[in-house]
Amino acid sequence: MYEQIQLHYSMDALEPVIDTLTMETHYGKHHATYTKNLNDAAEKAGVADKTIEEVLANLDGIPDEALRKALRNNGGGFYNHNLYFQIISPDGDRAPEGALADAINRDFGSFDALKEKLASLAVGQFGSGWSFLSVDKEGKLYVSASPNQDNPISEGTGRIPIACVDVWEHAYYLKYKNLRPDYVKAYIGLIDWKTVGENYAKGIA
Ligand code: MN3
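So, how was this worked out
- Think of each chain on its own: its residues are numbered from 1, step by step along the sequence as written.
- Under the rules for a predicted model, residues below a pLDDT of 70 receive no local features and side-chain atom pairs below 80 are neither given nor counted, while totals for whole chains, interfaces and linings still include all residues.
- Just so you know, side-chain values use all the structure's heavy atoms and leave hydrogens and water out.
- In the sections that follow, a salt bridge refers to a side-chain nitrogen of Lys or Arg positioned within 4 Å of a carboxyl oxygen of Asp or Glu.
- Helix numbering and strand numbering both begin at the N terminus, where a helix is a DSSP run of H or I of at least 4 residues and a strand a DSSP run of E of at least 2.
- Only protein chains enter the accessibility calculation, which uses a 1.4 Å probe; a residue whose area is less than 20% of its type maximum is buried, one above 50% is exposed, and one in between is partly exposed.
- Domain segmentation is taken from an automatic or database assignment of domains.
- Residues count as neighbours in contact if any of their non-hydrogen atoms are within 4.5 Å of one another.
- By convention, the term buried area covers the 1.4 Å-probe accessible surface removed from two parts as they join, with the contributions of both added.
- In this description, a donor is an N, O or S atom within 2.8 Å of the metal centre, a cutoff extended to 3.2 Å for sodium, potassium and calcium. Water is not part of the atom list, which can make sites seem incomplete.

Caption draft 1: Just the pattern of salt bridges, in detail. Tallied over the full model, the rule gives five salt bridges. Two residues, Arg72 and Asp150, come together in a salt bridge whose shortest N-O distance is 2.8 Å. With Arg72 in helix 3 (residues 65-86) and Asp150 in the loop between strand 2 (141-147) and strand 3 (160-166), this residue pair connects regions lying 78 residues apart in the sequence. By relative accessible area, Asp150 is classed as buried at 6%. For the salt bridge of Lys115 with Asp112, the shortest nitrogen-to-oxygen distance reads 3.7 Å. On the criterion of helical spacing, the pair formed by Lys115 and Asp112 is a turn pair, its members being three residues apart in helix 5 (residues 111-124). The partly exposed category is assigned to Lys115, whose relative accessible area is 27%.

Given below as structure tokens:
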């Protein structure tokens, strides 16, 4: 049984950057629906005993096309939103430290350069999708964008996402309307880089 992460902040804790109604709809409706549909599809496909990472990395092994598509979209939606809600905090660390900070400086030149790349990929994603910061087994960092609910795991890159930005309109339209760049910048400002650093350590373990 796949379960949504429990929020470690209240629905109104991220005001005014993310408004309460958007949080309630995004976490309580959209994410909940992806999770329910994932559980249904995983049960039918006989993969409910696998981790979500295993499911997403092995979609080619699902012979039924409709089930494969359901697992890709809802499994991705489940996974991506767990990460999205995990890494933000009203009172987090606003800059990385330690091994993650070293890797960011090595692979992007600076923390500001990384944030700009993550933001520009999110803003530039045509239609619905995501931008991701991910890590390979050697600890090298990558930024990328994916359409729909795809991610570096379902795309078969072998990389583990450690941070992300959701640019589906449901993530921002109630408050930011068409101003996606403003939302993206504000969301990135809510990221707790201590949590991302823990994801980085797990990703290379
Ligand atoms: Mn979303």
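Caption draft 2: Geometry of the domain arrangement of the protein. Domain boundaries assigned for the protein yield domain 1 (20-86) and domain 2 (98-203). Domain 1 and domain 2 are separated by 19 Å when their C-alpha centres are compared. Each partner contributes residues to the interface: domain 1 has 19 residues there, and domain 2 has 21 residues. When the two sides are added together, the surface that domain 1 and domain 2 hide from each other amounts to roughly 1800 Å², 56% of it contributed by carbon and sulfur. The largest contributions to the domain 1 side of the interface with domain 2 come from Asn80, Leu83 and Tyr84, which together make up 34% of the buried area. Between the two partners, domain 1 and domain 2, sit one salt bridge.

Caption draft 3: Looking closely at the coordination of the manganese ion. Protein coordination of the manganese ion is provided by His26 (NE2), His81 (NE2), Asp166 (OD) and His170 (NE2), with donor distances spanning 1.9 to 2.1 Å. Going along the chain, you hit the donors of the manganese ion in the pattern H-x54-H-x84-D-x3-H. Residue His81 is located in helix 3, and its partner His170 is located in the loop between strand 3 and helix 6 (173-176); the two are separated by 89 residues in the primary sequence. Both residues of the pair, His81 and His170, belong to the buried class.

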